[in-house]
Amino acid sequence: MRRRTICLILVLFILAIGVGTIILIGVSSSHPSDSVLIKKFIEHEADFNLLVKMANDDSRASSIRLYYVRMENKGAWPPYIYLHESEAWPRSEAELGFFNQRWDEYRGLFKKLNLDGIDRKHEMSDAIFFTASMIFSPLDGDGDETEVTEKGYVYSAIGIYNSLTGSLDGVKINRPAIFFKKLNDRDHWYLFYKWSVSKPE
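First, a word on scope: everything that follows refers to the structure included in this document. (Residues numbered from 1 in each chain as written. Predicted model: local features only at pLDDT ≥ 70, side-chain atom pairs only at ≥ 80, totals over all residues. Heavy atoms only, no water.)

## Comments concerning the overall build of the protein chain
Thought 1: Counting its secondary structure elements, the protein chain contains five helices and eight strands.
Thought 2: Traced from its N-terminal end to its C-terminal end, the protein chain shows the element sequence α-α-α-β-β-β-α-α-β-β-β-β-β.
Thought 3: Counting the 201 residues in the protein chain, one finds 38% classified as buried.
Thought 4: Sequence-distant contacts, at least 24 apart, represent 55% of the contacts inside the protein chain between residues at least 6 apart.
Thought 5: For the protein chain, the accessible area works out to roughly 12500 Å², and carbon and sulfur atoms hold 57% of it. (Helix = DSSP H or I, 4+ residues; strand = E, 2+ residues; numbered from the N terminus. Buried < 20%, exposed > 50% of the residue type's maximum accessible area, 1.4 Å probe, protein only. Contact = heavy atoms within 4.5 Å. Areas by Shrake-Rupley, 256 points an atom, 1.4 Å probe, with all protein chains shown as cover.)

## Some details on the packing of aromatic side chains
Thought 1: Using the criterion set out here, one finds 13 aromatic pairs in the structure.
Thought 2: Look at Trp-89 and Trp-103: their rings are 6.2 Å apart centre to centre, the planes differ by 45 degrees, and that puts the pair in the tilted class. With Trp-89 in the loop between strand E3 (80-84) and helix H4 (93-96) and Trp-103 in helix H5 (residues 100-113), this pair connects stretches of sequence that are 14 residues apart. Both residues of the pair, Trp-89 and Trp-103, count as buried.
Thought 3: Three or more aromatic residues joined by ring pairs form one cluster here, namely Phe-41, Phe-48, Phe-130, Tyr-153, Tyr-155 and Trp-189.
Thought 4: The ring of Trp-103 has Arg-107 sitting right over it, with the charged end atom 4.0 Å from the ring centre.
Thought 5: Across from the ring centre of Phe-129, 4.8 Å away, lies the NZ or CZ of Lys-121, which sits over that ring. (Phe/Tyr/Trp six-rings, centres within 6.5 Å; stacked < 30°, edge-to-face > 60°. Lys NZ or Arg CZ within 6 Å of the ring centre and 35° of its normal.)

## Structural notes on H5
Thought 1: With 14 residues, H5 should reach 20 Å at 1.5 Å per residue; the first-to-last C-alpha distance of 20 Å fits that figure.
Thought 2: The first or second residue beyond H5 is Asn-114, which carries a positive phi of 60 degrees. (Expected span 1.5 Å × (residues − 1).)

## Describing the nonpolar core
Thought 1: Ile-64, Phe-98, Tyr-106, Leu-115, Phe-130, Tyr-153 and Trp-189 are the most contacted members of the largest nonpolar core, which has 39 residues in total.
Thought 2: Those residues in contact with Phe-98 that sit more than four places away from it in its chain are Asp-58, Ile-64, Val-69, Met-71, Leu-83, Trp-89, Glu-93, Trp-103 and Tyr-106.
Thought 3: In terms of nonpolar packing, the next biggest core, distinct from the first, is built from seven residues, Phe-129, Val-154, Tyr-190 and Phe-192 among them. (Core = buried A, V, L, I, M, F, W, Y, C linked by side-chain atoms within 4.5 Å.)

## Section: the pattern of salt bridges
Thought 1: Throughout the structure, instances matching the rule amount to 14 salt bridges.
Thought 2: Of the charged contacts, one joins Lys-181 and Asp-34 as a salt bridge, the two residues approaching to 3.3 Å between their closest N and O atoms. A residue pair is termed long-range when its members are at least 10 positions apart, and Lys-181 in strand E7 (residues 177-182) and Asp-34 in helix H2 (residues 34-43) qualify at 147 residues.
Thought 3: In this structure, Asp-104 and Arg-107 form a salt bridge, with 2.7 Å as the shortest nitrogen-oxygen distance. With Asp-104 and Arg-107 both in helix H5 and three residues apart, the pair spans about one turn of that helix.
Thought 4: For Arg-107, a relative accessible area of 8% corresponds to the buried category. (Salt bridge = Lys/Arg side-chain N within 4 Å of Asp/Glu carboxyl O.)

## Here's the deal with helix H3 (residues 45-57)
Thought 1: An ideal rise of 1.5 Å per residue puts 18 Å on 13 residues; H3 measures up with 19 Å between its terminal C-alpha atoms.
Thought 2: Among all positions of H3, only Asp-47, Phe-48, Leu-51, Val-52, Met-54 and Ala-55 are buried. Angularly, the buried residues of H3 cover 165 degrees about the axis, an arc narrow enough to put them on a single face. Residues of H3 that are exposed and point more than 90 degrees away from the buried face comprise Ala-46 and Lys-53.
Thought 3: In the core, the buried residues of H3 are packed alongside H2, H5, strand E4 (117-121), strand E5 (124-138), strand E6 (146-156) and strand E8 (189-198). (Arc of directions from axis to C-beta.)

## Examining the pairing of E3
Thought 1: Side chains Ile-81 and Leu-83 project from E3 onto a buried face, and the interleaved Tyr-80, Tyr-82 and His-84 project onto a face without burial.
Thought 2: Sheet topology note: the strand E2 (residues 68-72)/E3 ladder contains five bridges and is antiparallel. Paired with Tyr-68 across the strands is His-84, a residue of E3. (Pairing = 2+ DSSP bridges.)

Next up, the structure:
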């Protein structure tokens, strides 16, 4: 009886490890497919357009994430002001022109749309990037460099004509680059896939 109980516990333990591994791999190792992202966009297009309007109204915020906001500090040092929920903000909300209540509105939409956040990039100042997933992978054994891949949506006030492709699924890149795919027949909307390297400071 005791031997049978031990065998049963051992089998259940091995089964739990196997299921846990499958879940972990499924959650962390791949980006959502183009079709999944397009379906989400079609179902919530009004919310995506609302985020564009909000981001344009808050143009000083070059990055708005679930856990931080990066504000442009033009003509002053440091060039950016970082706001964190758990820390006192360096200036008042009125001086910054960005309010905690507004941040809550963004975060509510991010959660609804499965987004990590939105960014503006200097090399594409007319575009707003909506990151749906981000994966970090060590590039070498020392852990000095990390491969970062991102996938999501882009709203561009002007057309994007470079680096267009028919599919972003299974893209293989080993150098800093970004590719785009037109989002159906929507004007100004694209999907993107970006490869970059992060180095410790």
